[in-house]
There are 2 protein chains.
Amino acid sequence: MKLYSYYRSSAAYRVRIALYYKNIPFDMVAVNILKKENLNSDYQHYNPQMRVPTLIDGELILGQSTAILEYLEENYPQPSLLPAETKARAWVRYFSQIIACDMHPLNNASVIRYIKESFEHSEAESMQWYYHWLREGFSALETLLQQQSKKGRFCFGHDMTFADIYLIPQVYNAIRFKFSMDDYPEILRINEHCLTLDCFVQASPEQQPDFISI
Amino acid sequence: MKLYSYYRSSAAYRVRIALYYKNIPFDMVAVNILKKENLNSDYQHYNPQMRVPTLIDGELILGQSTAILEYLEENYPQPSLLPAETKARAWVRYFSQIIACDMHPLNNASVIRYIKESFEHSEAESMQWYYHWLREGFSALETLLQQQSKKGRFCFGHDMTFADIYLIPQVYNAIRFKFSMDDYPEILRINEHCLTLDCFVQASPEQQPDFISI
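For clarity, every value in this text was computed on a predicted model and none was experimentally measured.

(A) Main features of the interface of chain B and chain A. Taken together, the contacts link 51 residues of chain B with 51 residues of chain A. When the two sides are added together, the surface that chain B and chain A hide from each other amounts to roughly 4,300 Å², 63% of it contributed by carbon and sulfur. It is B:Tyr94, B:Tyr114 and B:Phe119 in chain B that bury the most area against chain A; as a group they hold 16% of the surface buried on that side. Taken together, the links from chain B to chain A amount to 8 salt bridges. Counting across the interface, chain B meets chain A through 15 residue pairs in polar contact (both at pLDDT 80 or more). Only α2 (41-46), β4 (60-63), α3 (65-75), α4 (86-102), α5 (104-107), α6 (109-117) and α7 (123-147) of chain B provide two or more residues apiece to the side of chain B that touches chain A. No other element matches the 12 residues that α4(B) contributes to the side of chain B that touches chain A.

So this is what it looks like as structure tokens:
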């Protein structure tokens, strides 16, 4: 299995956590987004969206982290990243998709670039945009966590699930951009616990071979 | 089962198609986004994101169309909306998530409102933004369809899947905003076929009780 990854991509970070958690051996190929290596025709052949991550497994060439995570879960069901019961699985996917669909897409590198370059907004305005969607999303996530009857060290009680895999890279990103997480105590508590676990540490941007300290 | 829906929401449209296709009885409750009914505290209780759709099934309160579709598929597996083989399922989710994560979130009502009201951009500039993400997304989708070896009347050969359920509402939206689909012949061909089928007709915005002709 081969993963095209960029150390700072939240979506690639999600997939790395799952691969380490499930102990699936893989080769990593770094794609430097800042140097626009994703726009090379070689890479475009694998990923017509020219985004990371891409997972290659035999003849399968797969983009989109949600599709990759579901694929890994179906092929390597143990240890599981989804609860057994369908309503619980639904809650985990609901939580995850708030991040996948209503937070991350509004804040990824290509969108911020469009806002600065095509719309000619300042750094401050692009941060105002970023913070707006973070606030909306994190508020909803915090509410869901407070309503959740299964309390534990993870989003879904004592079981690590997709929900944690989406949450931790999004929190990493928010903190990197100096967004205050003070209003989200449940999220912070879970984040703190996850960051003590091997799979999150191994998958973290700082531990990647292509990490650049800036 | 109860679905909180808005006739013009692409995400609610997806869920309606699946409910009709699987022949699952449900009550529909209209939430008028233009009149900001989604911001009522009653609705916020069901959906902390204040977005549609929301599905209620007994004690389960579920937002996010991808989570809802996976839930319906797990509980009502026949007729199926995912192929049986895991690599084929992965392709269908990959295709679907390009729309769910990289097209629709950049173009939904709340984002366009932010661009016009907070960023004070003109109608023309917000359309330039909309078209930009449509072009990026549809180009990738068209490429995936042209590479797909299973040719048929649907995105995935002769089987209707999630991929069609995401595609048709996105094409509807693009056409509503006068975006030219001429560069995407495979998408147009599939769209034309799907629009002849009962579940797509029943789920279409024009057929909803809250439809308003404007």
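On we go from here.
(B) Layout of the pairing of strand β1 (residues 2-5) of chain A. Residues and elements named next belong to chain A. Across 4 bridges, the pairing between β1 and strand β2 (residues 27-30) is parallel. Pairing of Lys-2 across the sheet is with Asp-27, part of β2. The handedness of the β1 to β2 crossover, carried by helix α1 (residues 10-21), is right-handed.

(C) Spotlight on the relation of the copies chain B and chain A. Relative to chain A, chain B is turned by 180° and slid 0.0 Å along the rotation axis, the superposed coordinates differing by an RMSD of 0.0 Å. On this basis, the relationship between the two copies can be described by a two-fold rotation axis. Rotation axis and chain B: the residue whose C-alpha lies nearest the axis is B:Cys101, separated from it by 2.4 Å. In this assembly the copies share their binding face: 100% of the residues contributing to the interface of chain B also contribute to that of chain A.

(D) The arrangement of the packing of helix α7 (residues 123-147) of chain A against helix α9 (residues 185-194) of chain A in detail. All names here are of chain A. Across the interface, α7 lies against α9 with an axial gap of 8 Å and an inter-helix angle of 80°. Relative to α9, the element α7 is oriented roughly perpendicular. Along its contact with α7, which presents Phe-138, Leu-141, Glu-142, Leu-145 and Gln-146, the element α9 presents Pro-185, Glu-186, Ile-187 and Ile-190. Residue composition of the contact of α7 with α9, by class: 6 nonpolar, 1 polar and 2 charged.

(E) Expanded view of the side chain of A:Asp164. All names here are of chain A. Within the fold, Asp-164 resides in helix α8 (residues 162-176). No salt bridge is formed by the buried Asp-164. Its closest oppositely charged neighbour is Arg-189, at 9.0 Å. From its side chain, Asp-164 meets the backbone nitrogen of Thr-161 in a polar contact 3.0 Å long. Beyond its immediate stretch of four places on either side in the chain, Asp-164 contacts Phe-154, Cys-155, Asp-159, Pro-169, Ile-190, Cys-194 and Phe-200.

(F) Region of the structure containing the nonpolar core. Ranked by size, the top nonpolar core spans 116 residues in total, and within it A:Phe95, A:Phe138, A:Leu167, B:Phe95, B:Phe138 and B:Leu167 carry the most contacts. Residues contacting B:Leu167, with those up to four places away along its chain left out, are B:Phe95, B:Ile99, B:Phe138, B:Leu141, B:Cys155, B:Ile187 and B:Ile190. If you look at the next biggest cluster of nonpolar residues, it comprises 16 residues, including A:Tyr114, A:Phe119, A:Trp129 and B:Tyr114.

(G) Looking closely at unusual backbone geometry. Cis peptide bonds are those with omega within 30 degrees of zero, and the linkage from A:Val52 to A:Pro53 qualifies with 0°. Its place among the elements puts A:Pro53 in the loop between α2 (41-46) and β3 (54-57). Despite not being glycine, B:Lys36 shows a phi value in the positive range, around 55°. Summarising the element assignment, B:Lys36 is placed in the loop between β2 (27-30) and α2. Of note in this structure, B:Met50 is not a glycine but carries a positive phi near 60°. You can see B:Met50 is positioned in the loop between α2 and β3 (54-57).

(H) Focus on the sheet that holds β4(B). Residue and element names in this part refer to chain B. Strand order in the open sheet made by the 4 strands is β2-β1-β3-β4, with mixed pairing throughout. Only two strands of the sheet have a single partner each, and these edge strands are β2 and β4. Adjacent strand axes in the sheet meet at a mean angle of 20° when their direction is disregarded. Along the sheet face, helix α1 (residues 10-21) touches β1 (2-5) and β2 and points at about 150° away from the line of β1. Each of β3 and β4 touches α3; the most contacted strand, β4, lies at about 130° to it.

(I) Structural context of the confidence of the model for chain A. Averaged over every residue, the pLDDT of chain A is 96; the share at 70 or more is 100%. Overall fold confidence (pTM) sits at 0.97, and the ipTM for the predicted complex is 0.97.

(J) Expanded view of the domain arrangement of chain A. Residues and elements named next belong to chain A. As far as domains go, chain A holds domain 1 (2-79) and domain 2 (86-200). Measuring from the centre of the C-alpha atoms in domain 1 to the corresponding centre in domain 2 gives 20 Å. On the side of domain 2, 19 residues touch domain 1, which itself brings 15 residues to the contact. Summing the contributions of domain 1 and of domain 2, the shared interface buries around 1,700 Å²; its carbon and sulfur component is 58%. Together, Tyr-13, Arg-14 and Ile-17 form the three largest contributors to the area buried by domain 1 at its contact with domain 2, with a combined 35%. At the junction of domain 1 with domain 2, the criterion picks out 1 salt bridge.

(K) Just the sheet that holds β3(A), in detail. Ordered by their spatial adjacency, 4 strands build an open sheet running β2-β1-β3-β4 (chain A), and the pairing between neighbours is mixed. If you trace the sheet from one side to the other, it starts and ends with β2 and β4 (60-63) of chain A, each paired once. When strand polarity is set aside, the average angle formed by the axes of neighbouring strands in this sheet is 20°. Bridge analysis of β1(A) against β3(A) gives 3 bridges, and the strand direction is antiparallel. Within β3(A), the residue paired with A:Lys2 across the bridge is A:Ile56. Running over the sheet, α1(A) touches β1 and β2 of chain A and is turned about 150° from β1(A). Along the sheet, α4(B) contacts β3 and β4 of chain A; its crossing angle with β4(A), the most-contacted strand, is approximately 30°.

Here is what the cut-offs are and how they apply
In every chain, residue numbers begin from 1 and rise along the written sequence. Numbering of ligands from 1 and lettering of chains from A proceed in the order in which they are written. Reporting in this predicted model follows two pLDDT cut-offs: at least 70 for local features of residues, and 80 or more for side-chain atom pairs to be given and counted; totals over whole chains, interfaces and linings ignore these cut-offs and use all residues. Hydrogens and water are ignored here; the side-chain numbers use all heavy atoms of the structure. Throughout, a residue-residue contact means that at least one pair of heavy atoms, one from each residue, lies within 4.5 Å. Accessible-area loss on putting two parts together, using a 1.4 Å probe and summing over both, is the definition of buried area adopted here. Salt bridges are identified by distance alone: a Lys or Arg side-chain nitrogen within 4 Å of an Asp or Glu carboxyl oxygen. Distance and chemistry together define a polar contact, namely a pair of N or O atoms within 3.5 Å, with one atom able to donate a hydrogen and the other to accept it when in protein, and with adjacent residues in sequence counting only for side-chain atoms on both sides. By the criteria applied, helices consist of DSSP H or I runs no shorter than four residues and strands consist of E runs no shorter than two, each listed in order from the N terminus. By this definition, two strands are paired if DSSP reports at least two bridges between them. Handedness of a crossover: with both strands directed away from the viewer, a clockwise path from the first strand across the helix to the second marks it as right-handed. Here the copies are superposed with least squares, the fitted atoms being C-alpha atoms of residues at a pLDDT of at least 70 in both. Only the stretch in contact is used when fitting a helix axis, every axis being a line fitted to C-alpha atoms; angles between N-to-C directions are given from 0 to 180 degrees. When an angle is under 35 degrees it counts as roughly parallel; over 145 it counts as roughly antiparallel; between 65 and 115 it counts as roughly perpendicular; any other value is oblique. Three categories are distinguished: nonpolar for Ala, Val, Leu, Ile, Met, Phe, Trp, Tyr, Cys and Pro, charged for Asp, Glu, Lys and Arg, and polar for the others, with Gly belonging to the last. Burial status follows relative accessibility: with a 1.4 Å probe on protein chains alone, a residue under 20% of its type maximum counts as buried, one over 50% as exposed, and anything between as partly exposed. As used throughout, the charge tally considers Lys and Arg to be positive and Asp and Glu to be negative, leaving His and the chain termini uncounted. What is meant by a nonpolar core is a set of buried Ala, Val, Leu, Ile, Met, Phe, Trp, Tyr and Cys residues, joined one to another through side-chain atoms within 4.5 Å. On a scale of 0 to 100, pLDDT captures the predictor's confidence in every residue. Residue ranges for the domains trace back to a domain assignment, done automatically or taken from a database.

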